[in-house]
Amino acid sequence: MKIKEITLSAVFIAIALIVYIIENQFIPPVPIPYVKIGIANVITLITLVLWDRKHSFIILMSRIIISAFLCGSGVSLLYSASGGIACFFAMSIFFRLFGRRFVAIASEIGAAFHCAGQLAAAAVVLRSISVFAYFPIMLAVGAVSSLIVGVCAKYICKNSFIRKLFEM
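Residues numbered from 1 in each chain as written. Predicted model: local features only at pLDDT ≥ 70, side-chain atom pairs only at ≥ 80, totals over all residues. Heavy atoms only, no water.

Undergrad: How do you make sense of the packing of aromatic side chains when you look at a structure like this?
TA: Given two aromatic rings, one states the distance between the centres and the angle between the planes to describe the pair. This model, assessed by the stated rule, comprises seven aromatic pairs. On the numbers, 5.8 Å between centres and 45° between planes, the contact of Phe-57 with Phe-89 is tilted. Here Phe-89 lies in helix H4 (residues 74-98) and Phe-57 lies in helix H3 (residues 53-71), a separation of 32 residues in the sequence. Residue class for Phe-57 comes out partly exposed when judged on its relative accessible area of 26%. Owing to a relative accessible area of 43%, Phe-89 belongs among the partly exposed residues under this scheme. With 5.0 Å between their ring centres and 40° between their planes, Phe-94 and Phe-98 make a pair best called tilted. Residue Phe-94 and its partner Phe-98 are located together in helix H4, separated by four residues, close to a single helical turn. An aromatic cluster of at least three residues, connected via ring pairs, comprises Phe-12, Trp-51 and Phe-166. Residue placement shows Lys-154 over the ring face of Tyr-155; its charged tip is 5.9 Å from the ring centre. (Phe/Tyr/Trp six-rings, centres within 6.5 Å; stacked < 30°, edge-to-face > 60°. Helix = DSSP H or I, 4+ residues; strand = E, 2+ residues; numbered from the N terminus. Buried < 20%, exposed > 50% of the residue type's maximum accessible area, 1.4 Å probe, protein only. Lys NZ or Arg CZ within 6 Å of the ring centre and 35° of its normal.)

Given below as structure tokens:
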């Protein structure tokens, strides 16, 4: 990797971590356990739209691993990684099929896969498929929060200064 790529990756990992840690300090927006907006996913979307899958995946996984060490546990790492990887690949496939214009729609699809990935991990850990009863609630909250994340990412990606950062 070039020095600019390494530096830019480090900066976006740091931004994603800071956003994640700040979001963890707030009271959840809805009184449902384990529900967050997922604002740090704006970084994943920005890097997927303006950069490439490889760097975006490195940034996502670095944020998940480091945040688990700073704020979570082994189980939180498993849930975050399962949801993050499912979300990442769903959005990557969507962008490959439909282009990078529909950022908010990609975010919505990613949120649905994130929920499914987390619940699949929970089903394995708890040895019960009853956790999927939580899926409609997660989808409903995820639909709203991912729309917010997607719209934010879309407008950030339109910023000419941000776009220049990714010119290699």
